[in-house]
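What the coordinates show
Chain by chain, the residues run as shown.
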Amino acid sequence: MKSWNNKAWFLVLPVLLLVAFSAIIPLMTVVNYSVQDSFGSNEFYWVGLEWFQEVLSSERFHNALMRNLLFSAIILLIEIPLGIAVALAMPRRGWGVSVCLVLMALPLLIPWNVVGTIWQVFARVDIGLLGYSLTQLGFDYNYTQDTLDAWITLIVMDVWHWTSLVVLLSYSGLVSIPPAYYQAARIDGASRWAVFRYIQLPKMRRVLVIAVLLRFMDSFMIYTEPFVVTGGGPGNATTFLSIDLVQMAIGQFDLGPAAAMSLIYFLIILLVSWVFYTVMTQQDADAESGRGHS
Amino acid sequence: MLELINVSKRVGHQQHIQDINLQLQPGSLNVLLGATLSGKTTLMRLMAGLETPSAGEIRFNGANVRGIPVQKRDVAMVYQQFINYPSLSVFENIASPLRVAGLDKATIHHRVHKAAELLRLTDYLHRLPADLSGGQQQRTALARALVKQAKLVLLDEPLANLDYKLREELRRELPVIFARTGAILVYASTEPSEALLLGGNTATLHEGRLTQFGPAIEVFQRPVDVHTARIFSDPPLNTVAVHKHGNELVCADFVMRLAADAAHLPDAAYTLAVRPWHVRIDSETGLPDVALINAHVEVTEITGSESYVHVRLGGQGPDVPRWVALVQGVRDLPADSSLTLAVSAAQIYLFDAEGKRCLAPAGDTGDSGLGNSD
Amino acid sequence: MARIVLNNIAHRYASSATAAGAADSYALKPLSHVWEDGGAYALLGPSGCGKTTLLNIISGLITPSQGQLLFDDTDVSHLPTEQRNIAQVFQFPVLYDTMTVAENLAFPLRNRRGSNKLGNADIKKRVDDALVMLGLEHLAHKKARSLTADDKQKISLGRGLVRTDVNAILFDEPLTVIDPHLKWQLRTRLKQIHREFGHTMIYVTHDQTEALTFADKVVVMLAGEVIQTGTPEELFRHPQHTFVGKFIGSPGMNILSCELAGDEAIVEGCRFALPTRYPALSGNIELGIRPEFIRLVDTGKGAPVIVTAIDDVGHHRIVRALLGRQLLDIVVAEGVAIPANPGVVFETGSIGIYQNARLVSASFAEKTT
């Protein structure tokens, strides 16, 4: 419990205003659009939940949603274990620590669209180092034509870009484990796996919750990279919800369905994040409820 | 003067502090004594203004301090962990509250050097905290609290992380150093011996309640209830459930004839308590008012000059009372050997069914130990 | 269980290797010592004296820069920790948070491979035995991290007790985070377990009460060196070094600078009788007398002192007094009156004479006079 201090309200006021203008007002506009139809520029009339029904029953939406879920699942399955593994392999002291930390931070500093552009060029079969090499080695690789190649390219790109975030988070969890735990484990004759399973993993859990949440939300909302690299193709193979949404709203100017879809999109992210969070923090709550205040 | 009036603090469903009334005078040393989680730290945070009471009032020199932020309260606090600014030298660490206050260079220099001298840090002023020993780091934190000349100084188990001998030394110096400032000094501790050695007043805390407040030795010798007596005992207080019949106390293990002045107590169930150094193992038979108790040795601990004989009264089992006798000299008694304890009726405490004290040994205070002297 | 032999063991930390050869760069100076099978030992000293380094050398968490370590007759100097079969309890409780109490205790047994592997029934039996030993039966199926600090420390200890063939149990200041009244319980439990099962136990602490009450033999260390080994009584009665005198006892020994005159010592112009005649000694000569062996007497008798403070600590009082310019602590028993303007008398048989901080033995004194 914090004491209420009147001055504090003045300090948070700018943030409140900012949030109001940047989030709440636009969100309300979207809600407004999602229940109305428009003719021309400024004529609106009430349609109720019609747009929601339309979006939810459309195959186009289902397919995009499935792509998103599959993409996020693959990203989490690769980046979380890989991130933990790299964090475990990093040195804990000496000059190696800062070298590793800087290397890990590098990809995170590059803007999304630049990452997209880099990979778009890098993977091209005519001039890109990766695409050209693969083709020369006899692989039938072309991300602009082959669905699988396009997916692999996007996944590799995302892994390259974002695994280091998981690494940094896991590493911060690892270095906070007191040395006595490792010493006790050696005395107990614990195997490397047992040390990981019973000491490192439990101590990393809190940061892993954050890592999973961040990586899920980000990958589920992915837009810039596929937009730059594949443009949603070949065909609709990499048309994720976000790309679909933009096409609908800006390409076709179907504001009503687009608004309904973005709300559904928003709710899905909220829901899945909440589920992740609850499941992963459940154990904490169980253990804490058993003890007094500390 | 710092006054706490019916102060309570609850967080969620947990009552951390319950209905505490306390008055602390300027220039006084006050020890908050209690087990871990008894509410010592919460109480200090309330005094500091880091937390707001859920109910009640905190007054400083008569004025309610509710809503006044910590920065404006003229409070200094030192924690169990050694907390200093790692990138600042010892000098700058000590000087930091003065710099915030915007004092001129000469004054800062003078005050820092004076504080450093008192806490014997003069040779280390240019060093960084990381290059100091634990004792020196904590002395730096204490110097920072001292130099601030705050009206209220809160020390939360400041010596707990220090070596035993270093603790002895600082414990002797601290009250002297801070007494000169005229501040209200509040010192949290879990150790009864620390409260006695520091002197001053002791406030005993049990599960968020203040059980007693008074001069340390008085609280020690005349605890108002059984909780206070337990908190203020090291080694632990020896207790056993007894029943009073006429002028005798009866339990499974012995019968004790009470001194005449205790005869007026109603016949009922009581808790008998006796300090470890009042339990003798060389039986003095034939004396009136001395109860002989059969016991079995569990373990003896020898300190070189004294021995702690841990015994269980009567038979076997987890529920039989376990006592400690502190005896002079080296007495290594084999485990499970039987012995006879002698306890004089003049040296016992009696607590009634509610835990209130009804009888205490006649101490230096000269009081007969009857009735409600509090 | 085993007899542990240290053969000229010494340790220097890598960072101080630049000063190679310099004696003061040792975290632990060359040391030979035998820990008898089944003994209860304490390693006592201030922080930084090398006691934890020594403990970690025995458990194998640190490899010493020189010397040999034997368990019975086997050289284990180069064996890794897990093969030494040692149990260790740390300053802060180390538990496997996700496991229950019983699973925590079973953990070291489940880690065994090959011929040492135990069946589930065996594991359960040993875990149950350990739970009874520690009095934790009712907590067996609780998650370990929901427990109080003292129960957690018991479980750390229990992980050593389940291994019936453990060579030694090492303790690194295990009571640091425990409340005073629980310290007593835990300590006596430890002592009982030692009595009953006879493990070799080595207990590191800076707290003299813990060391003296726990151990049959106390090893006092200062600056990487063992300065005295003895029973609690020996350390109390006959400290070989002024540091031991001051470090052991609460309050510690009074160390007063003095001059010798045959069978008398002169402190601040006052003469005190000595148990024997001492020759003229060079260097810094000091007289050591424990506060317990000083008696306060009425004005005009003994050496006059000025009382500066009286601390009542419950079962006795500590009188702080000035003898000339030197401070004296005097222990006065409960119920004994403290005279105004008192004098002091030292118990002759309890006086020690120290030359450059080392005890001058009475027999040496007699021989040379």
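This one's a predicted model, so the numbers in the text were calculated from it and none came from an experiment.

Our focus in this paragraph is the overall build of chain B. For chain B, the count of helices and strands is eight helices and 21 strands. Projected onto its principal axes, the C-alpha coordinates of chain B cover approximately 75 × 45 × 40 Å. Of all 374 residues assigned to chain B, the portion counted as buried reaches 54%. Summarising the internal contacts of chain B: among those between residues at least 6 apart in sequence, 65% fall at separations of at least 24. Carbon and sulfur atoms form 51% of the exposed surface of chain B, whose accessible area is close to 15,700 Å². Taking the 35 positively charged and 40 negatively charged side chains of chain B as two groups, their mean positions are separated by 9 Å.

This part is about the domain arrangement of chain B. Residues and elements named next belong to chain B. Here the domain parsing of chain B yields domain 1 (2-223) and domain 2 (235-359). Using only C-alpha atoms to locate each centre, domain 1 and domain 2 end up separated by 38 Å. Contacts between the two partners involve four residues from domain 1 and, on the opposite side, five residues from domain 2. Across the domain 1/domain 2 interface, buried area totals approximately 410 Å², and carbon plus sulfur atoms make up 46% of it. Ranking the residues of domain 1 by area buried against domain 2 places Phe220, Arg222 and Pro223 at the top, with a combined share of 88%. At the junction of domain 1 and domain 2, the tally comes to four residue pairs in polar contact (both at pLDDT 80 or more). Class assignment for the residues of the side of domain 1 that touches domain 2 results in two nonpolar, one polar and one charged.

Turning to the interface of chain A and chain C, a few remarks are in order. Across the contact, 23 residues belong to chain A and 25 residues belong to chain C. Between chain A and chain C lies a buried interface of about 2,000 Å² when both sides are counted; carbon and sulfur atoms form 55% of it. Considering only the side of chain A, the residues that lose the most area to chain C are A:Arg186, A:Ile187 and A:Asp188, jointly responsible for 33% of the buried surface there. Our count for the chain A to chain C interface comes out at three salt bridges. The interface formed by chain A and chain C holds seven residue pairs in polar contact (both at pLDDT 80 or more) in total. In terms of residue class, the side of chain A that touches chain C is made up of 11 nonpolar, five polar and seven charged.

Moving on to the sheet that holds strand β3 (residues 40-44) of chain C. Residue and element names in this part refer to chain C. Strand order across the open sheet formed by six strands is β6-β7-β8-β3-β9-β10, with mixed pairing between neighbours. Whereas interior strands pair on both sides, the edge strands pair on one side only; in this sheet they are β6 (86-89) and β10 (225-230). Neighbour to neighbour, the strand axes of the sheet diverge by 20 degrees on average, direction disregarded.

One pass over the full model with this rule turns up three cavities of 30 Å³ or more. Roughly 80 Å³ of volume is contained in the largest cavity. Among the secondary structure elements, those contributing two or more residues to the lining of the largest cavity are α5 (149-161) and α6 (180-197) of chain C. The element that contributes the greatest number of residues to the lining of the largest cavity is α5(C), accounting for three residues. Of the residues assigned to the lining of the largest cavity, the class counts are seven nonpolar, one polar and one charged. Reported here for the second largest cavity is a volume of approximately 40 Å³. Looking at the second largest cavity, the residues that line it are A:Ala184, A:Ile187, A:Asp188, C:Ala87, C:Gln88, C:Ser156, C:Arg159, C:Gly160 and C:Arg163.

This paragraph deals with the environment of A:Ser57. Residue and element names in this part refer to chain A. By the secondary structure assignment, Ser57 is in helix α2 (residues 50-57). A relative accessible area of 55% places Ser57 in the exposed class. Measuring from C-alpha to C-alpha, the distance between Ser57 and Gln145 comes to 29 Å, with 88 residues separating the pair along the chain.

Between chain B and chain C, the contact holds 39 residues from the first and 38 residues from the second. Buried surface at the junction of chain B and chain C, summed over both partners, amounts to about 3,200 Å²; 54% is from carbon and sulfur atoms. There are three salt bridges connecting chain B and chain C. With a shortest N-O distance of 3.7 Å, B:Asp332 and C:Arg195 are connected by a salt bridge. Scanning the region where chain B abuts chain C turns up 11 residue pairs in polar contact (both at pLDDT 80 or more).

Analysis parameters
- Residues numbered from 1 in each chain as written.
- Chains lettered and ligands numbered in written order.
- Predicted model: local features only at pLDDT ≥ 70, side-chain atom pairs only at ≥ 80, totals over all residues.
- Heavy atoms only, no water.
- Helix = DSSP H or I, 4+ residues; strand = E, 2+ residues; numbered from the N terminus.
- Buried < 20%, exposed > 50% of the residue type's maximum accessible area, 1.4 Å probe, protein only.
- Contact = heavy atoms within 4.5 Å.
- Areas by Shrake-Rupley, 256 points an atom, 1.4 Å probe, with all protein chains shown as cover.
- Lys, Arg positive; Asp, Glu negative; His and termini not counted.
- Charge placed at Lys NZ, Arg CZ, Asp CG, Glu CD.
- Domains from an automatic or database assignment.
- Buried area = accessible area lost by both parts, 1.4 Å probe.
- Polar contact = N/O pair within 3.5 Å; in protein donor to acceptor, adjacent residues only side chain to side chain.
- Nonpolar A, V, L, I, M, F, W, Y, C, P; charged D, E, K, R; others polar.
- Salt bridge = Lys/Arg side-chain N within 4 Å of Asp/Glu carboxyl O.
- Pairing = 2+ DSSP bridges.
- Axes fitted to C-alpha atoms, helices over the stretch in contact; angles between N-to-C directions.
- 1 Å grid on protein atoms, 1.4 Å probe; cavity = no way out; pocket = protein on both sides within 12 Å on 5 of 7 lines; lining within 4 Å.
- Points joined across faces, edges and corners; volume = space filled by probe spheres on them.

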